Amino acid sequence: MTAAPLRRLALLAGAVLAVHLVLLGAAPQQLVLHPPVQATRTFVVRQVAAEGPAQAPAPAPAAAKPAADAPTSIAVPAPVLPAPEPAQAAAAPASQPAAAAPPPAPQPAIEAASVQPTVLPDPVRVHYDVTIRAKGLTVPARAQLDWRHDGGTYEARMEVDGALIPKRVQESAGAITPQGLAPSRFSDHGRNEEATHFERGQGKLVFSNNRPEQPLQAGMQDRLSVVVQLTMLVAGDPGRFQPGVAIAIPTASTRDAETWVFTVQGEEDLQLPGGNVRALKLQRNPRKEYDQQVELWLAPRMDYAPVRLRLTNPNGDSSDLRWASTDKG
């Protein structure tokens with residue numbers, strides 16, 4: 001190649017390089033380094049039953065959970081029906097293998113009287129940090145539980161308040177008995193106030209919103225006093241409340257009444273705003289379509305005070321109260 005074409009090629013290459021340098025220098029903010037995207041693998045874990053011998057047919061699914069796994073129940077204090085006796089198995093022919101023995105009968109329910117003694121907690125004020133999750137939003141709030149008594153009567157008050165939510169107050173008042181609390185009035189004050197009156201002389205519940213009256217069952221609590229009642233029962237005899245034990249307590253709201261069944265889940269270590277706490281968890285599972293799930297944690301080293309309370313609606317909305325501090329007296 002002659003000198004002239006070489007000079008023209010050199011000039012062209014220099015011009016192209018100059019244009020690139022101008023473009024890179026003119027808009028440096030457009031040069032964005034994107035980190036490599038890592039693919040995410042989803043692992044699906046399935047439980048697979050072990051295969052039996054090739055010639056053996058697959059066993060039919062069990063119709064119901066064996067009665068031996070049923071949790072022990074504590075009725076408070078309504079009487080409990082005795083457990084049914086197991087049916088006697090018919091004798092198998094000599095040429096046939098012996099039939100499997102029937103499962104053992106469930107353990108008898110603990111009678112209400114055996115739950116005593118209850119332990120009356122000292123007057124206290126407990127503060128909670130609250131996290132409310134509703135409609136995809138997370139809202140902080142605060143709560144305060146006031147517990148007062150004179151040995152014969154009691155007053156309990158729970159207030160939940162926050163900058164983004166309306167104040168809500170629940171109050172319970174009544175008598176203290178050897179079996180625990182005996183409410184006389186329960187009120188729930190949000191936008192409006194509704195109340196439930198425990199008319200023990202007439203054996204009925206009367207609702208301020210003109211809902212139909214309901215019978216007043218023995219040992220019945222309200223939605224606030226039931227928390228303190230559980231504290232008193234567990235503190236009275238902690239050894240009875242092992243994992244799997246169920247506690248049945250008739251409980252009234254301002255609209256109706258039903259039996260709440262709490263099952264002991266066991267102890268857990270909690271990291272709370274007030275510090276690290278080991279607590280015994282009790283849980284009430286929903287029984288109807290619109291029931292709440294109620295989870296309650298009681299701290300043994302704090303006289304079984306309720307250090308956490310979480311209420312979860314069927315749609316996933318929840319309120320989580322977590323212990324922050326305590327004022328004695």
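Refer to the preceding data block for the structure.
Model, not experiment: these values are computed from the prediction.

Peer 1: Whenever I open this one, the environment of Gln144 confuses me. Can you help?
Peer 2: For Gln144, the position within the fold is in strand E3 (residues 137–149). Expressed as a C-alpha distance, the spacing of Gln144 and Asp129, which sit 15 residues apart in the sequence, is 9.0 Å. Apart from the residues lying within four places of it in its own chain, the contact partners of Gln144 are Arg125, Val126, His127, Arg157, Met158 and Glu159.

Peer 1: Mind showing me how you'd approach the packing of aromatic side chains here?
Peer 2: One pair of aromatic rings is described through two measures. These are the centre distance and the angle between the planes. A complete count under the given rule lists two aromatic pairs for this structure. Ring geometry for Trp260 versus Phe262: centroids 6.1 Å apart, planes at 55°, classification tilted. Side by side, Trp260 and Phe262 carry an identical accessibility label, which is buried.

Peer 1: What's the story with the nonpolar core in this structure? I'm lost.
Peer 2: Judged by nonpolar contacts, the single largest core of 57 residues is most densely connected at Tyr128, Met158, Leu205, Ile247, Leu282 and Val307. At eight residues, helix H2 (residues 225–236) tops the list of elements feeding residues into this core. Those residues in contact with Tyr128 that lie beyond four places of it in its chain are Arg142, Ala143, Leu145, Met158, Pro306, Val307, Leu321, Arg322, Trp323 and Ala324.

Peer 1: Before we go on, may I ask you to explain the side chain of Gln283 in this structure?
Peer 2: Here Gln283 lies in strand E13 (residues 275–284). In this structure Gln283 comes out as buried when scored by relative accessible area, which is 12%. Within the structure, the side chain of Gln283 is placed 3.3 Å from the side chain of Lys281, a separation counted as a polar contact.

Peer 1: What should I look at first to understand H2 in this one?
Peer 2: The α-helix winds at 3.6 residues per turn, so residues separated by three or four positions along the chain end up facing the same way. In a regular helix each residue adds 1.5 Å, so twelve residues correspond to 16 Å; H2 covers 16 Å between its end C-alpha atoms and thus fits that length. Burial within H2 is extensive, with twelve of its twelve residues counted as buried. Among all positions in H2, only Ser225, Val226, Val227, Val228, Gln229, Leu230, Thr231, Met232, Leu233, Val234, Ala235 and Gly236 are buried.

Peer 1: I'm lost on the pairing of strand E8 (residues 204–207) in this one. Help?
Peer 2: In the case of a regular strand, side chains alternate between the two sheet surfaces. Along E8, one buried face is formed by Lys204 and Val206 and the opposite face, lined by Leu205 and Phe207, is buried too. Count of turn residues in the strand E7 (residues 193–199)/E8 antiparallel hairpin: four residues, of which Gly203 carries a positive phi of about 65°. As paired elements, E8 and strand E9 (residues 214–215) share two bridges and run antiparallel to each other. Paired with Lys204 across the strands is Pro215, a residue of E9.

Reading guide: rules and limits
Residues numbered from 1 in each chain as written. Predicted model: local features only at pLDDT ≥ 70, side-chain atom pairs only at ≥ 80, totals over all residues. Heavy atoms only, no water. Helix = DSSP H or I, 4+ residues; strand = E, 2+ residues; numbered from the N terminus. Contact = heavy atoms within 4.5 Å. Phe/Tyr/Trp six-rings, centres within 6.5 Å; stacked < 30°, edge-to-face > 60°. Buried < 20%, exposed > 50% of the residue type's maximum accessible area, 1.4 Å probe, protein only. Core = buried A, V, L, I, M, F, W, Y, C linked by side-chain atoms within 4.5 Å. Polar contact = N/O pair within 3.5 Å; in protein donor to acceptor, adjacent residues only side chain to side chain. Expected span 1.5 Å × (residues − 1). Pairing = 2+ DSSP bridges.

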